[in-house]
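# Tertiary structure, described
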There are 2 protein chains.
Amino acid sequence: MELQMATATHARRPSKNARRAAILEAAAQVFFEQGYAATSIDAIIKRLGGSKRTIYNEFGSKEGLFTALVSENAGTALSALAVDGLEGRSLSEVLLEFGRRLLAIYMSPGLIGVYRSIMPEAGRFPELAREFFEKGPGRASDRLAEVLEEARDRGEIELEDCRGAADHFVGMFRDNLHLQVVLGLRPPPSPPEAEAAVTSAVGIFLHGIYGVDREGRAKGQMSNG
Amino acid sequence: MELQMATATHARRPSKNARRAAILEAAAQVFFEQGYAATSIDAIIKRLGGSKRTIYNEFGSKEGLFTALVSENAGTALSALAVDGLEGRSLSEVLLEFGRRLLAIYMSPGLIGVYRSIMPEAGRFPELAREFFEKGPGRASDRLAEVLEEARDRGEIELEDCRGAADHFVGMFRDNLHLQVVLGLRPPPSPPEAEAAVTSAVGIFLHGIYGVDREGRAKGQMSNG
DNA sequence: CTTGACTGGTAATGTCCGTTACCTTACCGG
DNA sequence: CCGGTAAGGTAACGGACATTACCAGTCAAG
């Protein structure tokens, strides 16, 4: 007897979706804290309650659970990067907003966790690593490159390698601050710290250190005007 | 009977130092490939030959071996970052050379391996994570900040937050290219690719995308207000 | 040559873990 | 209220692994 469960939300049990989400949340806590290899299903069950059977029924294996977890988090992060309603504004405005969202995503527990846990497993899960990169940092760079190309088409900037520049911009948000957070050496930045980091990065990216603090200087317009 | 072994290099056996180095090299191959948690001492012995006893005699435990390995690699990387004979040159020359070395270090197998393997273990080895950061990216940023401050003192640039700018510069070399290499999605850059990345990053850092024309050269129409 | 300390090899020990077999329970339609 | 189905729970199985014993070989000193 196989009934399709797509349309009808029967909600017979605590909802298959809710159960699945609960598993993923508990799994995130343990996987992202301990890493894939050091995580045991028992440890997840200890946080989740219930039985291993539930996990194996839903995800099939430890690999399946980890894959689903990383995939889900990468996808969620991506959705926050949509550049909506920004195309009309100035390049500096767009970059600032883009930087804010990028930093927020990079500092979110989900992405920090994915970052930490996928690194040593990249060899074991090549497709997962590719998916993470393409959905996350790769897509961010793609979107930004488009923005830069549009600005170039409008004549705002003269830039040949928009893609490379976009990569550098994205990299500026995975700087030592990000690394310290990933390594657990300091907490994520407070909103003012984050805003300062974004402003600084955008300022350098637009004008360079020769231009920052000298010219029209984006800082004066943005912060504490 | 306890003889001091510090001064005299007796070289009775294949040299305690050589043995230690051999262990560390084999350990690097496995730890950096598989990650700490997924690495077994047996796997190291399979590459090294010999017996587990040797490892346990020298390093005491798996933790001790990993700690020594990471510590050693972080220290080695640091040594390559010394800015020698660069203080006389122009800021752009210094940044280019600094960037070249930084990129080379970041792309070296040792640092890539440390990067990959320390991430999920940062919670388990907080001191090791701190040592890695301070000896590696932290020190790089410190050194660069000094260079920038000297340039500021010479009046070449006007930059308030040299430390933040240095962090951004360092981050530009941990961009998506670096991430792809760490994730095993692409090989390290060829020398021309590396040089292009360095030139591009330095160009943006100095003049921003408003000032970059071709090949990272400045348009030169913006400063000197 | 003998002694002794150290290295190498094998295997044991105790534990942990992914996965599965089997039993128990709760919910569903009648 | 009752039986059936599927999920939850218990515990076992089989393997891996860090660490340690134990034995044999080896090199250096006496």
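As a starting point, this report considers the structure included with it. Computed from a predicted structure; not experimentally measured. Every chain's residues receive numbers from 1 upward, in the order its sequence appears when written. Here every chain gets a letter starting at A, and every ligand a number starting at 1, in the order they are written. In view of the model being predicted, local features appear only for residues whose pLDDT reaches at least 70, and side-chain atom pairs are presented and counted only at 80 or more, with totals across whole chains, interfaces and linings using the full set of residues. To obtain the side-chain values, all non-hydrogen atoms of the structure were used and water was disregarded.

### So, the protein's contact with DNA strand D
Stated formally: Definition of nearness: a residue and a molecule or strand are near each other if at least one heavy atom of the residue lies within 4 Å of the molecule or strand. The definition of a polar contact used here is a pair of N or O atoms within 3.5 Å, where within protein one atom must be able to donate a hydrogen and the other to accept one, and adjacent residues in sequence count solely through side-chain atom pairs. Counting from the N terminus, the helices are DSSP H or I runs at least four residues long and the strands are E runs at least two residues long.
Surrounding DNA strand D, one finds 17 residues, the nearest of these being A:Gly50, A:Ser51, B:Thr39, B:Lys52 and B:Tyr56. Backbone atoms, meaning sugar plus phosphate, form 69% of the atoms of DNA strand D positioned within 4 Å of the protein. In this structure, A:Ser51 approaches DNA strand D through a main-chain N or O atom, which is 2.7 Å from a phosphate oxygen. Within the contact set of DNA strand D, a base oxygen lies 2.7 Å away from a side-chain nitrogen or oxygen of B:Lys52. If you list the elements that add at least two residues to the surface near DNA strand D, you get helix H1 (16–34) and helix H3 (52–59) of chain A together with helix H3 (52–59) of chain B. Here the surface near DNA strand D takes three residues from H3(B), the largest share from any one element.

### With respect to helix H4 (residues 62–79) of chain A
All names here are of chain A. So the rule is basically this: An expected span of 1.5 Å times one less than the residue number is assigned to each helix. When a residue's accessible area, from a 1.4 Å probe over protein chains only, is under 20% of the maximum for its type it is buried; when over 50% it is exposed; and in between it is partly exposed. Only heavy atoms matter for contacts: two residues are in contact if any of them lie within 4.5 Å across the pair.
With 18 residues, H4 should reach 26 Å at 1.5 Å per residue; the first-to-last C-alpha distance of 26 Å fits that figure. Taken as a whole, H4 has its buried residues at Leu-65, Phe-66, Ala-68, Leu-69, Val-70, Asn-73, Ala-74 and Ala-77. Looking at the packing, one finds that the buried side of H4 touches H1, helix H2 (41–48), H3, helix H5 (91–107), helix H6 (109–118) and helix H7 (126–153).

### What about the side chain of B:Thr39?
Note that B:Thr39 resides in the loop between helix H1 (16–34) and helix H2 (41–48). With residues up to four places along the chain from it excluded, the contact list for B:Thr39 reads B:Val30, B:Phe31, B:Gln34, B:Ile44 and B:Lys62.

### Looking at the packing of H2(B) against H3(B)
Residues and elements named next belong to chain B. Quick reminder of the rule: Helix axes use the C-alpha atoms of the stretch in contact, all axes being lines fitted to C-alpha atoms, and the angles between their N-to-C directions lie in the range 0 to 180 degrees. Reported orientations rely on four angle classes, namely roughly parallel under 35 degrees, roughly antiparallel over 145, roughly perpendicular from 65 to 115, and oblique for the rest. Gly counts as polar in this scheme, as do all residues outside two lists: the nonpolar Ala, Val, Leu, Ile, Met, Phe, Trp, Tyr, Cys and Pro, and the charged Asp, Glu, Lys and Arg.
Two elements in contact, H2 and H3, have axes separated by 9 Å at closest approach and are oriented at 110 degrees. Relative to H3, H2 is oriented roughly perpendicular. Contacts between H2 and H3 pair Ile-41, Asp-42, Ile-44 and Ile-45 from the former with Lys-52, Ile-55 and Tyr-56 from the latter. For the contact of H2 with H3, the class distribution of residues is five nonpolar, no polar and two charged.

So, to be careful, I would describe these as geometric facts and stop short of saying anything about function.
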